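Now for the letters of each chain:
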Amino acid sequence: MSNANTFEIFYSTHQHWLYAYLVRKLRCTHQAADITQDTFEKLLTKDNLAELHQPRAFLTTTATHLMINIIRRRQLESTYLQYLQLTKEEQYVESPEQLAIALESLVAIANLLDSVSPKAREIFLMSRLDNTPHAEIAQHFGISVVRVRQYLTQVLIKCCSFQQL
Amino acid sequence: MQASQSNSIALEQAAHWKTLLTSGEANASDQAAFQAWLDESYEHKKAYQSVEQFWRKFDHLDSVSAKKTLLKTQSTQKIATGLKASLTIFLVALTSWGILQSSIGEYYLAEYRTVAGETKEVILDDGSRITLNTGTAVDIHYQDNQRLIKLRQGEIYVQVAKQKNRPFIVETTHGTAQALGTQYTVKKLGNSTSVGVIESNVKVCTHQGYFDQNIVDCINLNAGMGVHEIKWGMKPIAINIDSVAGWKSGYLSFESEPLINVLNELKRYTPEKIYYDADTVNDLWVSGVIPITDMDKTYAMLNKLLPITIKRYPYLAIVSKKDHKESP
């Protein structure tokens, strides 16, 4: 059975159920419809749809991840834009392209930094974004420079190994 | 197993090197040692490239705003916990973490908006008419000395009522299109604005300073002419009025247009998701007139013109090339 057929069967079997579930939980037909479609779109290229033990649990998990990502993206965009407005002079206008690239980078970085402790995150951002010298960071946190470097290296390792996947 | 072990060792080493080289305390012999390490193997190069890739992501950001943002926003864990408690938090989050001045914000804050597949006609105080195409957002700023239409996003067709002392101007982030006569279209999608003149004359200018020039660039367009993109050094081109304004009459006109482009254009006109099998449909071309007011008719026409199969579900369509083996 071709992948396309498997997907169609999967879709017709579960689409309405997922939609009804989301309508119940979200109490909004519009959002429920959007999330339902986005969820199935994500699964279009997935293998082994027919072999899922608990397709409905899988669907709700996928839908939930989607919603988490949407919320996070909105938070990042909204917060970044607010700070940008405060930081920049009045005449400054970010081109839409620059802004789009910046927001994409922000989301990617936030996702990668998720795997890192809050302290490590702060140390890394002080170094990479504020360009604070290691000695100063060490003093700020009351730790040794060697320890600071360990934190920085760990962050790089964690974030880059995710990239490689 | 051995390959991935040495890969992770290489990554650790690359991370150490990056930290040292960016500490501000690396000297010439450190540089040399790093270069020697880099040259040692392809693995080392790959590992360092991966680190560089992550490092470069930060170049696109305003440092101060980015740092505050990254330290402030919730981790996905926290959001997940909130969602577990109740999914309606999703809706609250959408409105409260809302959409200020992003391009999405532009759309939501506009005075007149259309959704996917919708067209809307607005009649203004002076008798001018603006028809909004799918996914469009405009603001009307009629003042004593001018009539200004701000096109935030999308596509409009304007029919201008003549008024001697009040010039009629359509404005986007890229420039302006001023009516010297009566009928034209302005389209702003993504990074550029295009203009097409159906009747009479339009003067198109770039915004001062937007294209990094201190003076503006203007051209005059007659009926049947347009610009593909408002920018410095723009040149007028002949337009096919059907292709440019057909949507106002409920259809799109194509001439030897790749199907993929046609499908991407159709996506603007419907909230449905259109998915296509890129490998098989990339050698199909569309010439003809496609209705856009009713997706049933749209797909029927595509089916007529091309050897394709379109499978439809609520809010989803899948387009693929007809298999020779399948029965027609």
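Given the structure is predicted, the values throughout are model-derived calculations rather than measurements.

The rules behind the values
Residues numbered from 1 in each chain as written. Chains lettered and ligands numbered in written order. Predicted model: local features only at pLDDT ≥ 70, side-chain atom pairs only at ≥ 80, totals over all residues. Heavy atoms only, no water. Helix = DSSP H or I, 4+ residues; strand = E, 2+ residues; numbered from the N terminus. Buried < 20%, exposed > 50% of the residue type's maximum accessible area, 1.4 Å probe, protein only. Contact = heavy atoms within 4.5 Å. Areas by Shrake-Rupley, 256 points an atom, 1.4 Å probe, with all protein chains shown as cover. Phe/Tyr/Trp six-rings, centres within 6.5 Å; stacked < 30°, edge-to-face > 60°. Lys NZ or Arg CZ within 6 Å of the ring centre and 35° of its normal. Core = buried A, V, L, I, M, F, W, Y, C linked by side-chain atoms within 4.5 Å. pLDDT = per-residue confidence, 0-100. Pairing = 2+ DSSP bridges. Axes fitted to C-alpha atoms, helices over the stretch in contact; angles between N-to-C directions. Buried area = accessible area lost by both parts, 1.4 Å probe. Salt bridge = Lys/Arg side-chain N within 4 Å of Asp/Glu carboxyl O. Polar contact = N/O pair within 3.5 Å; in protein donor to acceptor, adjacent residues only side chain to side chain. Nonpolar A, V, L, I, M, F, W, Y, C, P; charged D, E, K, R; others polar. Disulfide = S-S within 2.5 Å.

Assigned secondary structure in chain A consists of seven helices and zero strands. Each helix and strand of chain A, ordered N terminal to C terminal, gives the series α-α-α-α-α-α-α. Counting across all 165 residues of chain A, residues that qualify as buried make up 46%. A sequence separation of at least 24 residues applies to 55% of the contacts in chain A between residues at least 6 apart. In the form shown here, chain A has an accessible surface area of approximately 8600 Å², with 51% of it arising from carbon and sulfur atoms.

Moving on, we come to the packing of aromatic side chains. For any pair of aromatic rings, the description rests on two quantities: the centre-to-centre distance and the angle between the ring planes. Tallied over the full model, the rule gives twelve aromatic pairs over all chains. Residues Tyr-11 of chain A and Phe-40 of chain A carry aromatic rings whose centres are separated by 4.8 Å and whose planes lie at 65° to one another, so their mutual orientation is edge-to-face. On the criterion of sequence distance, the pair formed by Tyr-11 of chain A in helix α1 (residues 3-26) and Phe-40 of chain A in helix α2 (residues 29-43) is long-range, its members being 29 residues apart. With relative accessibility at 1%, the residue Tyr-11 of chain A sits in the buried group. On the accessibility criterion, Phe-40 of chain A (1% relative accessible area) is buried. By the ring-pair criterion, three or more aromatic residues cluster together here, those being Phe-7, Phe-10, Tyr-11 and Phe-40 of chain A. Its end group placed over the ring of Tyr-151 of chain A, Arg-147 of chain A keeps NZ or CZ at 4.3 Å from the ring centre. The lysine or arginine in question, Lys-248 of chain B, covers the ring of Tyr-157 of chain B, its NZ or CZ lying 4.7 Å from the ring centre.

Turning our attention to the nonpolar core. The biggest cluster of nonpolar side chains holds 47 residues, and the ones touching the most others in it are Tyr-80 and Phe-124 of chain A together with Phe-54, Phe-58, Leu-61 and Leu-70 of chain B. Among the elements that take part in this core, helix α4 (residues 96-113) of chain A stands out by supplying nine residues, more than any other. Every residue in contact with Leu-61 of chain B, bar those within four places of it in the chain, is listed here: Tyr-80, Ala-102, Ser-105, Leu-106 and Ile-109 of chain A together with Ala-66 of chain B.

Now for the confidence of the model for chain B. Residues and elements named next belong to chain B. Of all residues in chain B, 90% have pLDDT values of 70 or greater, and the mean over the chain is 84. Across residues 98-105, confidence stays below pLDDT 50; counting only partners more than four residues off in sequence or on other chains, it has 17 contacts. Overall fold confidence for the complex sits at a pTM of 0.53, while the interface term, ipTM, reaches 0.86.

Residues and elements named next belong to chain B. Read across the open sheet, the three strands follow the order β15-β18-β17; overall the sheet is mixed. Of all strands in the sheet, those with a lone pairing partner are β15 (273-276) and β17 (308-313), marking the two edges. Averaged over all pairs of adjacent strands, the angle between strand axes in this sheet comes to 20°, irrespective of strand direction. Two strands pair when backbone bridges link them, and β15 and strand β18 (residues 316-321) are joined in this way by four bridges, in the parallel orientation. Looking at the pairing, Ile-274 lines up with Ala-317 of β18.

The next thing to look at is the interface of chain A and chain B. Of the residues lining the interface, 68 residues belong to chain A; the matching set on chain B comes to 61 residues. Taken together, both faces of the contact between chain A and chain B bury some 6500 Å²; the carbon and sulfur share is 71%. At the junction of chain A with chain B, the criterion picks out five salt bridges. If you look at where chain A meets chain B, you find nine residue pairs in polar contact (both at pLDDT 80 or more). Elements supplying a minimum of two residues to the side of chain A that touches chain B: α1, α2, α3 (55-87), α4, α5 (118-128) and α7 (145-164) of chain A. Looking at the side of chain A that touches chain B element by element, the count peaks at 19 residues for α3 of chain A. Its residues placed into classes, the side of chain A that touches chain B shows 35 nonpolar, 17 polar and 16 charged.

Scanning all chains against the criterion turns up 19 salt bridges over all chains. Ionic pairing is found between Glu-272 of chain B and Arg-312 of chain B, a salt bridge with its closest N-O pair at 3.2 Å. Of this pair, Glu-272 of chain B sits in the loop between α9 (259-266) and β15 while Arg-312 of chain B sits in strand β17, placing them 40 residues apart in sequence. The shortest N-O distance in the salt bridge between Lys-321 of chain B and Asp-283 of chain B comes to 3.1 Å. In this pair, Lys-321 of chain B is assigned in strand β18 and Asp-283 of chain B in the loop between α10 (278-281) and β16 (285-291), connecting sequence segments 38 residues apart. In this structure Lys-321 of chain B comes out as partly exposed when scored by relative accessible area, which is 30%. One connected set of salt bridges, linked through shared partners, spans Arg-128 of chain A together with Lys-18, Glu-52, Arg-56 and Asp-59 of chain B.

Under the definition given, this model contains one disulfide over all chains. Cys-159 of chain A takes part in no disulfide bond, and the closest cysteine sulfur to it belongs to Cys-160 of chain A, at a distance of 6.5 Å.

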